[in-house]
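Here are the chains, one letter per residue:
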Amino acid sequence: MNVNTPPVTPGSRVICRDAEWLVTRVEALKKISVSDFAVHCVGIDDLVRGHQSIFLTQLDTIIPADPKSTQLVADNSNGYKLSKLFIGAQLRQMPATGLEPDLANLGVFKPMDFQLSAVKHALKQLRPRLLLADAVGLGKTIQVGMILTELIRRGRADRILVLAKKSMLTQFQSELWNRFNIPIVRLDSVGIAKMRLKIPANKNPFEVYQRLIISIDTLKNVARYEHFLKHTHWDVVIIDEAHNVAGASVPERHQSYRLARLLSRRTDSMLLTTATPHNGKKETFGRLISLLDPSAIPDPAFKEYDSDDIKNFFLMRFKEDIRQDAGEEMLAPRKVIPTLSTSIRATPDEEIVFKELADLRGALLKDRHASDNKKRQNHLLLYGLYKLFLSSPEACLKTVEKRIENLSGETASVNTTSDKTSSSITESDETSLGVTASGETALGVTACDQEVINIDSYEYEQLETIANSLTGLTLQSSSRYALLKQQLKEIGWNGKNESPRILIFTEYRKTQEVLASAIAADFKLKYSEKFENQTKQAVSIIHGGTPDTHLMDTVEAFATGSAPIRMLIATDVASEGINLHHECHHIIHFDLPWSIITLIQRNGRIDRLGQDQSPILRYLMVDTEQGMLKGDRAIFERLIDKVEEINALRRSGESVLKLYDAKEEEAYIADQGILSGNVTVLDSPAPDDPDGFSESDFLEQMLRDASLSLESELESQDQADADITDTDIACSNRSHSFIKNRYRLFSDKEFLLQGYKYLSEAHPDSGFLPLQEKGNIMILTAPKDLRRRLGKQEEPNDTIFGATAIPLESWPENDQFKLTHDVNQAMLAIKAARNMSGYWSQELLCTEQHPALLWIKERILMEIQREQAPIIISNKLKDQELCFCFIGQVASKTGNPLVVDGHAISFLKGGEVWHYALSDILQKIDFEHMENQGVEPNLKAAVPLLLSAVDESISYLKELKKKSG
């Protein structure tokens, strides 16, 4: 069957392969020359009931129902219950076509104007493709869920792929399920292993499940998944922390960028989220925009473009932009404990080490000024060891010993790096530059790339001296640790269940290791470094080497009130994306990263939208009397102050130094601030080029102009929409169509209760247990048909229902789904889950897109046989008036609905024909309250007019299509 328009529309009944099916979705197989379609169906006949299949129009003969062959049958159900439910289900089957989001049962959250602006803007695009670049903590995931919900209502988001960091998978997945009833199957390392046991090796895993979330690190191995990805089309692709796919300096070698390019060509809609949309270079931001629309920027190098080229593709708001909209209830003001209260003097033994580090710095700086050979300068000695010692003696000693080992010839060569990366001395996570196979950072001098280091006697002697002074010093006996214990006492933390939760950041794995052990020992707490034990103890750790499943479990436990975790000690693997504010409002920076970007990301874990307590931030400082180092405190304090200034302004942290990279900020602050004694290093951007031209200044100004221009347009549109009168709406085909399409005969609660009751009575042998009501909660025990549909495999060889599968973790105990029509109840349930069990709420909002209601809708539609329509009697119509109700769709060549309209054609005595909106005629006859009086309808009078009614309806739909353009 070769046609250039879809052969059927969702909701229609078809015959294929000698069985009857209900069409759920139609998609074009060719996006340029559309002639073939994939028709997604669910079985109706006994042999295929509930089974999901996809038929291809070029291979299968698909016979749609012919409305002119419709047989009118009397509805003998009590109160015309079947007709009411059938029309109610058909109304729910109608895709929305308007541009305005419908706030009714949109999700479990407090809607705010800035969020609605994002949804409206996305819906106005022909193919929603948008970069959400709001600041850290402003709820970009909520906006993604809102946009997805509206796309689902329009039949444009059946197949969804979400890419996120491994630490974010469960959090993102649960947010979409708890708040929006959008089921996404997670493929982490365990999930992938399980799936491979269930499907053949050559089976495309992305065709098994239609809604997936997977780590970008897993999927970026394009060579491994390229064959499958090239043959998979998505309705929506979402990439969280999208700055990671911008391509860096060599995009051709960047696996994540190549993956994003591939996916952008295989999806209709694309949503990118990041709080750091650029690195100061026009081409990196341009590459992100090109993922959304390759034609947006005409320059293939992505350097020549202006605000008009990009303004329609991104939104960027800051805390101050939305503070009034959110209010203190959703965005509590934060408090920084003054550094005078979080400082301590170094111990005498520590002063010895500080003196040696100061003398070493002074000697090296003197040599630096006297010599032109800057390559021989050793950043490790200049400030690396100092920074390590500020964290812990153990972290410093470990690196010193490793360096001595290298210099003494026990290691043939050293993993050296360029000037920019030589200062990358953190041991925090796997993304750090220069990490060896053992997971530790290889620290070297700044020399020519791959240069073999000869023994440097001066350096060797200095390192030996420092090593001797460090021997015997421990974190547990350090002044910094004493200061931490003092702060914990002030907070009221002792590790017991009543202790408030605290998030502690450190840059170094070695510091993390000894800090966790010291706290456990001093507070007499059980502690183990094993990954599987982190969720079971009061003090837990996460770092870049933590496996994805254990990392997600630990983060979830920290956000769960009943979990034993009272303190999470994290490296900067936890500084990006993770929500840790639900049960925690205390952050302690055990050591200070020399980067504004990193500090803002860290603080954003608890200082974010939805935090109901004031975040309290503490920065631990150790003061030394060594003159060479004493002035560093002023720079550290200015760094903290700068972070707070940014928090109160409409700008990003990257805009201060304009380096757009945490490691480069660290190197710059070290070289131009600490080593130079320049306390004003943070008061102006880093120099861009000798001419004073700043590409980053130009880019930031362009983004501000574009953002302000778009916001102005959105506000003008909102005002124009608000000025539209009821008469204007009636005259506007598109708006009028939208209002009619959102007409509902039943509330979601009523449809659940009455639909389930009817099905259980009509099919008493199908295992339908009574639906219970307890206050605001409705409890539905899933019968076998629903369990199979939601992906539960009760037998080893059961078919995988990946298209409608829900997350395994969300599966309720005893198969009892708990739903509520009360948004506040659903919010409380999410909070209760965080207190008791973790991310997964046990009570969800009853909405039409919940899988249980979708199943009831489809089952009700199957209650009326193919090419049949019920006929009922109303005393509200005129004498001898016959009214035929229609729900019609006109689809585009790609299968998307262009016109969706419910209407009625009424024939009056004397041959007069009237047209009604479906909602109007149903209200006119008081359809909801009609009683079945048992009067037999005059079928003989109705049948002859059926053909005329169908012709009138088709003509009306053609007219609507013509008006819609």
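All values reported here derive from a predicted model rather than from experimental measurement.

**Thoughts on helix α28 (residues 748–762)**
With 15 residues, α28 ought to run about 21 Å at 1.5 Å a step, and its terminal C-alpha atoms sit 21 Å apart, in line with that. Turning to α28, its buried residues number three or more, namely Asp-748, Phe-751, Leu-752, Gly-755, Tyr-756, Tyr-758 and Leu-759. For α28, the angular spread of buried residues about the axis comes to 165 degrees, placing them on one side. In α28, the exposed positions angled more than 90 degrees off the buried face are occupied by Lys-757 and Glu-761.

**Description of the sheet that holds strand β22 (residues 772–774)**
As summarised here, the arrangement of the 4 strands in space is β22-β23-β24-β25, forming an open sheet in which the pairing is mixed. Here the strands that pair on one side only, and so sit at the sheet edges, are β22 and β25 (843–845). The sheet shows a mean angle of 35 degrees between the axes of neighbouring strands, taken without regard to direction. The sheet contact formed by β22 and strand β23 (residues 777–781) spans 3 bridges and is antiparallel. When the sheet's bridge partners are listed, Glu-773 is paired in β23 with Met-778.

**So, the pattern of salt bridges**
Counted by the stated rule, this structure contains 46 salt bridges. Between Asp-815 and Lys-792 there is a salt bridge, with its nearest N and O atoms 2.7 Å apart. Highlighted residues: Asp-815 in the loop between α29 (784–789) and β24 (816–820) and Lys-792 in the loop between α29 and β24, separated in sequence by 23 residues. Here Asp-815 falls in the buried class, since its relative accessible area comes to 13%. Of the residues examined, Lys-792 reaches a relative accessible area of 29% and is grouped as partly exposed. Bridged by salt links that share partners, the residues Arg-25, Glu-27, Asp-158 and Asp-235 form one connected network.

**Examining the nonpolar core**
A general feature of soluble globular proteins is that nonpolar side chains tend to end up buried together. Formed by 161 residues in total, the largest nonpolar core has its most connected members in Leu-385 and Leu-503. Broken down by element, the residue count for this core peaks at 9 residues, all from helix α14 (residues 379–391). In this structure, Leu-219, Ile-310, Phe-318 and Leu-699 belong to the second largest nonpolar core, which totals 60 residues.

**Thoughts on the pairing of strand β28 (residues 897–907)**
Among the 11 residues that make up β28, 10 are buried, leaving the element largely enclosed by the rest of the structure. When strand β27 (residues 882–891) meets β28, the two strands line up antiparallel, connected through 10 bridges. Within β28, the position partnered with Gln-889 by the bridge is Val-900. Relative to strand β29 (residues 913–917), β28 runs antiparallel, the two being bridged by 5 bridges. Within β29, the position partnered with Ser-906 by the bridge is Trp-914. Between the antiparallel neighbours β28 and β29 lie 5 residues, among them Gly-910 with a positive phi of about 100 degrees.

**Concerning the packing of aromatic side chains**
Within a pair of aromatic rings, the relevant descriptors are the distance that separates the centres and the angle that separates the planes. Following the criterion strictly, the structure yields 16 aromatic pairs and no others. Both rings, one in Phe-206 and one in Trp-234, keep their centres 6.3 Å apart while their planes meet at 65 degrees; by these two values the pair is edge-to-face. Taken together, the residues Phe-206 in helix α6 (residues 205–208) and Trp-234 in strand β11 (residues 234–240) connect sequence positions 28 residues apart. Ring centres 5.6 Å apart and planes at 80 degrees place the aromatic pair Phe-285 and Phe-314 in the edge-to-face group. Here Phe-285, found in helix α10 (residues 282–292), pairs with Phe-314, found in strand β13 (residues 314–315); they are 29 residues apart in sequence, far enough to count as distant.

**Side note on the pairing of β24**
Where β23 meets β24, 5 bridges bridge the pair, whose relative direction is antiparallel. Directly across from Ile-777, in β24, lies its bridge partner Thr-820. Strand direction decides the pairing type here: β24 and β25, joined by 3 bridges, are parallel. When the bridges of β25 are listed, Leu-819 appears paired with Leu-844.

**Structural notes on the confidence of the model for the protein chain**
Per-residue confidence for the protein chain gives a mean pLDDT of 84, with 88% of residues at or over 70. Here residues 410–455 scores under 50 on pLDDT; set against residues more than four positions off or in separate chains, the count is 103 contacts. Counting interchain partners and residues more than four positions distant, the pLDDT-below-50 stretch residues 724–740 has 22 contacts.

**Looking at helix α22 (residues 632–647)**
Helical geometry note: an α-helix holds 3.6 residues per turn, so side chains three or four residues apart project in the same direction. Between its first and last C-alpha, α22 extends 23 Å over 16 residues, near the 22 Å set by a 1.5 Å rise per residue. Those residues of α22 that fall on the buried side of the exposure criterion are Asp-632, Arg-633, Ile-635, Phe-636, Leu-639, Ile-640, Lys-642, Val-643, Ile-646 and Asn-647.

**Observations concerning the side chain of Lys-84**
By the element assignment, Lys-84 lies in helix α1 (residues 81–93). Look at Lys-84: it is buried, it has no salt bridge, and the nearest opposite charge is Glu-931 at 5.9 Å. Not counting residues within four places of it along the chain, the set of residues in contact with Lys-84 comprises Gly-79, Leu-745, Phe-746, Phe-927, Glu-928, His-929 and Met-930.

**Thoughts on the state of the cysteines**
The tally for this structure, following the rule as stated, stands at 0 disulfides. Left unpaired, Cys-883 is separated from the closest cysteine sulfur, that of Cys-885, by 4.6 Å. When its relative accessible area of 23% is taken as the criterion, Cys-883 is described as partly exposed. Relative accessible area serves as the criterion here: at 40%, Cys-885 is assigned to the partly exposed category.

**Some remarks on the environment of Glu-529**
Structurally, the position occupied by Glu-529 is in the loop between α18 (509–522) and β17 (539–542). Distance in space between the C-alpha atoms of Glu-529 and Ala-516 is 8.8 Å, their sequence separation being 13 residues. For Glu-529, the contacting residues outside a window of four places in its chain are Glu-513 and Gln-534.

**Things to note about the packing of α14 against helix α15 (residues 393–407)**
Where α14 meets α15, the closest approach of the two axes is 7 Å, and the angle between their N-to-C directions is 145 degrees. From α14, Leu-380, Leu-385, Leu-388 and Phe-389 reach across to α15, where they touch Pro-393, Ala-395, Cys-396, Thr-399, Val-400 and Arg-403. Each residue belonging to the contact of α14 with α15 can be placed in one class, and the counts come to 8 nonpolar, 1 polar and 1 charged.

**Some details on the sheet that holds β11**
If you walk across this open sheet you meet the 7 strands as β9-β10-β8-β11-β12-β7-β13, and the pairing is parallel. Lying at the two open borders of the sheet, with one neighbouring strand each, are β9 (185–187) and β13. Relative to β13, strand β7 (residues 129–132) runs parallel, the two being bridged by 2 bridges. Opposite Leu-132, over in β13, you have Leu-315 as the bridge partner. Helix α4 (residues 169–180) rests against β8 (160–164), β9, β10 (211–215) and β11 of the sheet, and its axis sits at about 160 degrees to β10.

What counts, and where the lines are drawn
- Along each chain, residue indices are assigned from 1 in the same order as the chain's sequence is written.
- In keeping with the predicted nature of the model, local features appear solely for residues at pLDDT of at least 70, side-chain atom pairs appear and are counted solely at 80 or more, and the whole-chain, interface and lining totals rest on all residues.
- Heavy atoms from the whole structure form the basis of all side-chain values; hydrogens and water molecules are not counted.
- Secondary structure is summarised from DSSP: a helix means a run of H or I of at least four residues, a strand means a run of E of at least two, and numbering begins at the N terminus for each.
- The span one expects for a helix is its residue count, reduced by one, times 1.5 Å.
- Exposure is judged per residue with a 1.4 Å probe applied to protein chains only, and the accessible area is read against the type maximum: over 50% gives exposed, under 20% gives buried, and values in between give partly exposed.
- Directions from the helix axis toward the C-beta atoms define the arc.
- Only strands joined by at least two bridges in the DSSP assignment are considered to pair.
- Every angle, taken between N-to-C directions, lies between 0 and 180 degrees, and every axis is a line fitted to C-alpha atoms, over only the stretch in contact when it is a helix.
- Within this document, salt bridges are pairs made up of a side-chain nitrogen of Lys or Arg and a carboxyl oxygen of Asp or Glu, the two lying within 4 Å of each other.
- Definition used in this section: a nonpolar core is a set of buried Ala, Val, Leu, Ile, Met, Phe, Trp, Tyr and Cys residues joined via side-chain atoms within 4.5 Å.
- Between 30 and 60 degrees the pair is tilted, below 30 it is stacked and above 60 it is edge-to-face, where a pair is any two Phe, Tyr or Trp rings, Trp via its six-membered ring, whose centres lie within 6.5 Å.
- Each residue carries a pLDDT score, the predictor's own confidence in it, on a scale running from 0 to 100.
- Whether two residues are in contact is decided by their heavy atoms, any of which lying within 4.5 Å being enough.
- Asp and Glu are treated as the negative residues and Lys and Arg as the positive ones, with His and the ends of the chain left uncounted.
- Pairs of cysteine sulfur atoms within 2.5 Å are identified as disulfides in what follows.
- The nonpolar class holds Ala, Val, Leu, Ile, Met, Phe, Trp, Tyr, Cys and Pro. Asp, Glu, Lys and Arg form the charged class, and all remaining residues, Gly among them, are polar.

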